[in-house]
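The residues making up each chain are set out below.
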Amino acid sequence: MSFDFFTGEWLVANRRLTSPLTGSTTWTEFDGHTRAWQLFGGAANLDEITMPDQGWTGLSLRLLDPATGDWSIYWVNSRDGKLAPPVTGRFVNGRGEFHGEDEHDGKPVQVRFIWTGVTTGTPRWEQAFSADGAVWETNWIMDFRRP
């Protein structure tokens, strides 16, 4: 499965944990708008998300490795302009799961992205961190709908 479902314009309801990996249960909610398009005949996908209340924008680049069928997803935001390490994975039965390594507050973390609802017209993206590889804490949820 590819990211064909994501092409076009989306309204985004964001829910983000304010202090991941601290035991906090306080979430911030804010709206966004995403525009996504395909490149390389569908083997690449790019989107830009604007979040007016947050004062920054973000960009995701998704690239398909045709030899393995895995996607690599890269993220960068306008706050620092630094490309985050990729998460890599694939879709199985309409559910995408992608894993990688990064840092949060200067400490190494494992990162997981999950895509669900990709055939419903209202997809959901979730990000989770793990400090130990066993316990995952979801810290950002995006629910998408067409304008």
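Preceding this section is the structure that the text describes.
Residues numbered from 1 in each chain as written. Predicted model: local features only at pLDDT ≥ 70, side-chain atom pairs only at ≥ 80, totals over all residues. Heavy atoms only, no water.

Caption draft 1: Structural view of the overall build of the protein. On a plain count of helices and strands, the protein comes out with zero helices and ten strands. Starting at the N terminus, the α and β elements of the protein follow one another as β-β-β-β-β-β-β-β-β-β. In summary, the protein has a C-alpha radius of gyration of 15 Å against a globular reference of 15 Å for 147 residues, a match within 12%. Based on the C-alpha atoms only, the size of the protein along its principal axes is roughly 40 × 35 × 30 Å. The buried share among the 147 residues of the protein stands at 37%. For the protein, the exposed area adds up to about 7900 Å²; of that, 51% sits on carbon and sulfur atoms. Averaging the coordinates of the 13 positive side-chain charges in the protein and doing the same for the 19 negative ones gives two points 3 Å apart. (Helix = DSSP H or I, 4+ residues; strand = E, 2+ residues; numbered from the N terminus. Rg over C-alpha atoms; globule rule 2.2 N^0.38 Å. Buried < 20%, exposed > 50% of the residue type's maximum accessible area, 1.4 Å probe, protein only. Areas by Shrake-Rupley, 256 points an atom, 1.4 Å probe, with all protein chains shown as cover. Lys, Arg positive; Asp, Glu negative; His and termini not counted. Charge placed at Lys NZ, Arg CZ, Asp CG, Glu CD.)

Caption draft 2: Representation of the sheet that holds strand β5 (residues 71–77). Sheet architecture is closed into a barrel: ten strands sit in the order β1-β2-β3-β4-β5-β6-β7-β8-β9-β10, paired in antiparallel fashion. Averaged over all adjacent pairs, the angle separating strand axes in this sheet is 25°, with direction ignored. Relative to strand β4 (residues 56–64), strand β3 (residues 44–51) is paired through eight bridges, and the arrangement is antiparallel. Bridging across to β4, A44 finds its partner in L63. (Pairing = 2+ DSSP bridges. Axes fitted to C-alpha atoms, helices over the stretch in contact; angles between N-to-C directions.)

Caption draft 3: A look at the environment of A128. Note on placement: A128 falls in strand β9 (residues 124–130). In this structure the C-alpha to C-alpha distance between A128 and T138, which are ten residues apart in sequence, comes to 3.9 Å. Non-local contacts of A128, meaning those with residues more than four positions away in its chain, are made with Q110, V111, R112, W136, E137, T138 and N139. (Contact = heavy atoms within 4.5 Å.)

Caption draft 4: Representation of the environment of V135 in the model. For V135, the position within the fold is in the loop between β9 and β10 (137–145). Given a relative accessible area of 57%, V135 falls into the exposed group. Ignoring sequence-local partners within four residues, the contact set of V135 consists of F129 and S130.

Caption draft 5: Broad picture of the side chain of T34. Of note, T34 is situated in strand β2 (residues 27–39). Judged by its relative accessible area of 0%, T34 is buried. Every residue in contact with T34, bar those within four places of it in the chain, is listed here: F6, G8, E9, W10, V12, D47, E48, I49 and F144.

Caption draft 6: Quick peek at the pattern of salt bridges. Taken as a whole, this structure holds six salt bridges when the rule is applied. In this structure, the salt-bridge partner of E126 is R124, at a minimum N-O distance of 3.6 Å. Note that D143 is salt-bridged to R124, the shortest N-O span being 2.7 Å. Taken together, the residues span a long stretch of sequence, with D143 in strand β10 and R124 in strand β9 at a distance of 19 residues. The partly exposed category is assigned to R124, whose relative accessible area is 30%. Among the charged side chains, a salt-bridge network with shared partners connects R124, E126 and D143. (Salt bridge = Lys/Arg side-chain N within 4 Å of Asp/Glu carboxyl O.)

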